[in-house]
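Overview (structure and organization)
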Amino acid sequence: MRLNDDLSKPVIIHAGRMDWVPSPAAGVDRRMLFRIGGEVARATSIVRYAPGSAFPRHAHGGGEEILVLEGVFQDEHGDYPAGCYFRNPPGTSHVPASKEGCTIFVRLWQFREGDAAQVVRQPGAEPTTVLFDDGHEAVRLQHWAAGAAVDADNPRGLEFLVLSGGLTVGSERLERQAWGRLPVGTRLRGVAGPAGARLWLRDAPLLHSDVLAMP
């Protein structure tokens, strides 16, 4: 499968309006945003776990990055409520599950060579929260007040997800779970909606030149 794989073009997906697609695990559904490959793939998705569902144990050959959007995500290492962010580097493994149900944003097989940091960040209420920054890639949460101008620079490539509130970009209204990817030099410009806008933002090459090779 190849989905939104032309990294030279801007893309905006209203993921909150998409149908859920069943995964191989019962009770685990996906909204696919970016994908190159089959069941093992470079992928960016929103994943929903029904109460009591689980995914079989798997290793992270190319790394895994997760932001918990709703509910409580779990594995054998602990419980992760909404707002938790973590990075599972290549070589780690777990059995993901959710007793009460949850929704997560997940990126797979997009780590670069040498990115071996395991990160777990608990939710915070700061207007801007740096989740990860190793000099090659910077990930943050940022909030804009109602009616504020949204203007995010883009020197390396920019990916974003609307977590709450919304914003207007040109003539397009972006609501919760809207996802976008912008090539180098295309700024994210808009106006935050009446409830403000809170975004997950990734400032980095859209695909690292030394991204880990797929099997």
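Rules used in this analysis
Residues numbered from 1 in each chain as written. Predicted model: local features only at pLDDT ≥ 70, side-chain atom pairs only at ≥ 80, totals over all residues. Heavy atoms only, no water. Salt bridge = Lys/Arg side-chain N within 4 Å of Asp/Glu carboxyl O. Helix = DSSP H or I, 4+ residues; strand = E, 2+ residues; numbered from the N terminus. Buried < 20%, exposed > 50% of the residue type's maximum accessible area, 1.4 Å probe, protein only. Core = buried A, V, L, I, M, F, W, Y, C linked by side-chain atoms within 4.5 Å. Contact = heavy atoms within 4.5 Å. Phe/Tyr/Trp six-rings, centres within 6.5 Å; stacked < 30°, edge-to-face > 60°. Lys NZ or Arg CZ within 6 Å of the ring centre and 35° of its normal. Pairing = 2+ DSSP bridges.

1. Points about the pattern of salt bridges
Any two side chains of opposite charge can pair, given that their charged atoms come close. Inspection of every chain in the model, using the stated rule, returns 17 salt bridges. Ionic pairing is found between Asp-6 and Lys-9, a salt bridge with its closest N-O pair at 3.8 Å. Here Asp-115 and Arg-87 are joined by a salt bridge, their closest N and O atoms 2.7 Å apart. Residue Asp-115 is located in the loop between strand S13 (102-108) and strand S14 (119-121), and its partner Arg-87 is located in strand S10 (residues 85-88); the two are separated by 28 residues in the primary sequence. With respect to class, Asp-115 is no different from Arg-87; both count as buried. Sharing partners across several salt bridges, the network here consists of Glu-65, Arg-87, Arg-107, Asp-115, Glu-137, Glu-159 and Arg-202.

2. Looking at the nonpolar core
One finds Leu-33, Leu-67, Tyr-85, Phe-105, Leu-161, Trp-179 and Trp-200 to be the most contacted residues of the largest nonpolar core, which totals 18 residues. Looking at this core, the elements with two or more residues in it are strand S2 (11-14), strand S4 (28-37), strand S15 (128-133), strand S16 (138-144) and strand S18 (158-169). For Leu-67, the residues in contact, after removing those within four places along its chain, are Gly-83, Cys-84, Tyr-85, Ile-104, Phe-105, Leu-141, Leu-163 and Trp-200. Leu-167, Leu-188, Ala-192 and Leu-201 belong to the second-largest nonpolar core, a separate cluster that totals 15 residues.

3. Remarks on the packing of aromatic side chains
Across all of its chains, the model carries five aromatic pairs by this definition. Between Phe-73 and Tyr-80, the aromatic rings sit 6.3 Å apart at their centres with planes inclined by 40°, giving tilted as the arrangement. The exposure classification of Phe-73 matches that of Tyr-80, with both residues buried. Seen from their ring centres, Tyr-80 and Phe-86 are 4.7 Å apart, and the 35° between their planes marks the pair as tilted. With respect to burial, Tyr-80 and Phe-86 carry one shared label: buried. By the ring-pair criterion, three or more aromatic residues cluster together here, those being Tyr-49, Phe-73, Tyr-80 and Phe-86. Directly above the aromatic system of Phe-111 lies the positively charged group of Arg-87, at a separation of 4.6 Å from the ring centroid. Lying over the aromatic face of Phe-132, Arg-87 brings its terminal NZ or CZ to 3.7 Å of the ring centre.

4. A look at unusual backbone geometry
In the Ramachandran plot, Asn-4 falls in the positive-phi region, its phi being about 50° despite a non-glycine side chain. Inspection of the secondary structure puts Asn-4 in the loop between strand S1 (2-3) and S2. Asn-4 sits in the partly exposed class, given a relative accessible area of 24%. Even without a glycine there, the phi angle at Trp-109 is positive, about 55°.

5. Quick notes on the pairing of strand S8 (residues 64-75)
Across four bridges, S8 lies against S10 in antiparallel orientation. Among the inter-strand pairings, Glu-65 is bridged to a residue of S10, identified as Arg-87. Two elements, S8 and S13, share seven bridges in a ladder whose sense is antiparallel. In the sheet register, Glu-70 faces S13, and the bridge partner there is Thr-103. Across four bridges, the pairing between S8 and strand S9 (residues 78-81) is antiparallel. Note on S9: the bridge partner recorded for Val-72 is Pro-81.

6. Comments concerning the environment of Leu-131
Mapped onto the elements of the fold, Leu-131 is located in strand S15. Note on Leu-131: relative accessible area 6%, which makes it buried. Distance in space between the C-alpha atoms of Leu-131 and Arg-121 is 6.8 Å, their sequence separation being ten residues.

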